[in-house]
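Results of the structural survey
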Amino acid sequence: MRHPFVLLALLLLVSVISRTVPAHEVGITDTGVAISRSSLLLTYTVPEALLDTLESESAQAPEGDKVDAVLAGFSIRNRNTTCLPVLVSRNTLDTIASEQFEFRYNCGGPITLLHIGYTLFLDQDPSHSNILRISLLGRSRDVTLSDQQRAHTVDVKAMVTQLAEARQAAQSGTAVAEGYAQAVEKPFGTRFFPVGLEHILFGFDHVLFLVCLVLLPMSPLAILSLITAFTVAHSVTLSLSVLDIVTLPPRIVEAAIALSIVYVSIRTILILRQVNHLHVTRFQLRERLVSTFLFGLIHGFGFSYLLKEIGLGDQAFASLLFFNLGVEAGQLIILIFLLPLIWLLGKGFPSWRWARWASAVTGLMGLFWLLERLATA
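Residues numbered from 1 in each chain as written. Predicted model: local features only at pLDDT ≥ 70, side-chain atom pairs only at ≥ 80, totals over all residues. Heavy atoms only, no water.

**Some remarks on the pattern of salt bridges**
- Applying the stated criterion across every chain, the model contains eight salt bridges.
- Its salt-bridge partner being Asp147, residue Arg150 comes within 2.6 Å of it at the nearest N-O pair.
- Given the relative accessible area of 28%, Asp147 is considered partly exposed.
- It is possible to trace a salt-bridge network through shared partners that takes in Asp123, Asp147 and Arg150. (Salt bridge = Lys/Arg side-chain N within 4 Å of Asp/Glu carboxyl O. Buried < 20%, exposed > 50% of the residue type's maximum accessible area, 1.4 Å probe, protein only.)

Right under this line is the structure:
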């Protein structure tokens, strides 16, 4: 080995980065609030990886402490009256590697002005966000709670009045009904665009796969064909998984995503040893297209788990569409910054040795995540 110290430093760097940078963006949780006359049912869904970051004050009953910690993260009031919670159920959702808590809040009288406060995880992670879905009498509205907005107030009395007026207008056949319906219910699907955007931009395993995918001397048309194959593949399995037509265990999918990074990085290094400054051959491009499509199917399952955790809401098609558009927008942003950099480096260093080192770093990080995920599977 001609550069043992360089290799050792590289391994240490990869180890540090892999431990400090989360492979998946796990900072999103979901809360459903179903309002009835004097009580409400709160359903909170949280990824297991995020729930495990809660520190238990008692080593003897850590699971009970997590229930208490989740309760402490919410503040529910009906005007100035604090609503009292009771745990209804706690379930493990293996298909999305999450846990779900259901609490019944008794508000002691008719709910007129509901205040919902949320602080869980926000102090330890300011980037964390919670999608709050509020339903009343068959209508729903949503809002995203975050470090910038830790509370939301619902004028329940006004909502009920608007719904009554909308129904009267619908029965009388006037066009006012549509206006009332829009005032009561916001378009839920469009909220999923930023969720999909953030999911890929902060899902570093997906980013690394894209990086290694294009680290070859290829024409713009060849790059476009690879990105199209990846997009089509992950869009198919994203839809199938979210609609529960085809499902795979999250831990298997996450390990396969890490494996995809390792495989593509190794193949990239081997191809770069052959092509130097020339373009890849048709056979090499065809091979890359096939592997990109197959691994894209796996990445689509990875994209789906966050959306399954949040739920599609009443507008299933719109929610799925805007989430996928957000993923594609994030993918486009990555490529807009990445491809010019690769082009400049390819012009300045035609040996493409830099790309081999970049592929090696990518592959080592993928290998670290693969071993970590296999150990916890």
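Once the structure has been displayed, the description carries forward.
**Brief notes about the side chain of Thr29**
- Tracing the sequence through the fold places Thr29 in strand β1 (residues 28-35).
- With a relative accessible area of 0%, Thr29 lands in the buried category.
- A distance of 3.5 Å separates the side chain of Thr29 from the side chain of Tyr44, its partner in a polar contact.
- At 3.4 Å, the side chain of Thr29 and the side chain of His128 are in polar contact. (Helix = DSSP H or I, 4+ residues; strand = E, 2+ residues; numbered from the N terminus. Polar contact = N/O pair within 3.5 Å; in protein donor to acceptor, adjacent residues only side chain to side chain.)

**So, the sheet that holds strand β9 (residues 139-146)**
- Strand order in the open sheet formed by six strands is β5-β6-β2-β1-β8-β9, and the pairing between neighbours is mixed. The sheet is open, and its two borders are formed by β5 (84-93) and β9, each paired with just one other strand. The mean inter-strand angle of the sheet, taken between neighbouring strand axes irrespective of direction, is 15 degrees.
- Two strands pair when backbone bridges link them, and β5 and strand β6 (residues 98-106) are joined in this way by nine bridges, in the antiparallel orientation. Pairing of Leu84 across the sheet is with Asn106, part of β6. (Pairing = 2+ DSSP bridges. Axes fitted to C-alpha atoms, helices over the stretch in contact; angles between N-to-C directions.)

**Some remarks on the packing of aromatic side chains**
- Going through the model one piece at a time under the given rule, you end up with eight aromatic pairs.
- Judged by centre distance (6.3 Å) and plane angle (0 degrees), the rings of Phe101 and Phe103 are stacked. Pair check on accessibility: Phe101 and Phe103 agree, each one buried.
- One aromatic cluster is present, built from ring pairs that chain together Phe209, Phe230, Tyr263 and Phe295. (Phe/Tyr/Trp six-rings, centres within 6.5 Å; stacked < 30°, edge-to-face > 60°.)

**So, unusual backbone geometry**
- Positive phi, close to 55 degrees, is recorded for Arg79, a residue that is not glycine.
- Given the relative accessible area of 48%, Arg79 is considered partly exposed.
- We note that Phe121 has phi near 70 degrees; this positive angle belongs to a residue other than glycine.
- Relative to the assigned elements, Phe121 resides in the loop between β7 (113-118) and β8 (129-136).

In short, shape yes, function no, at least from these values alone.
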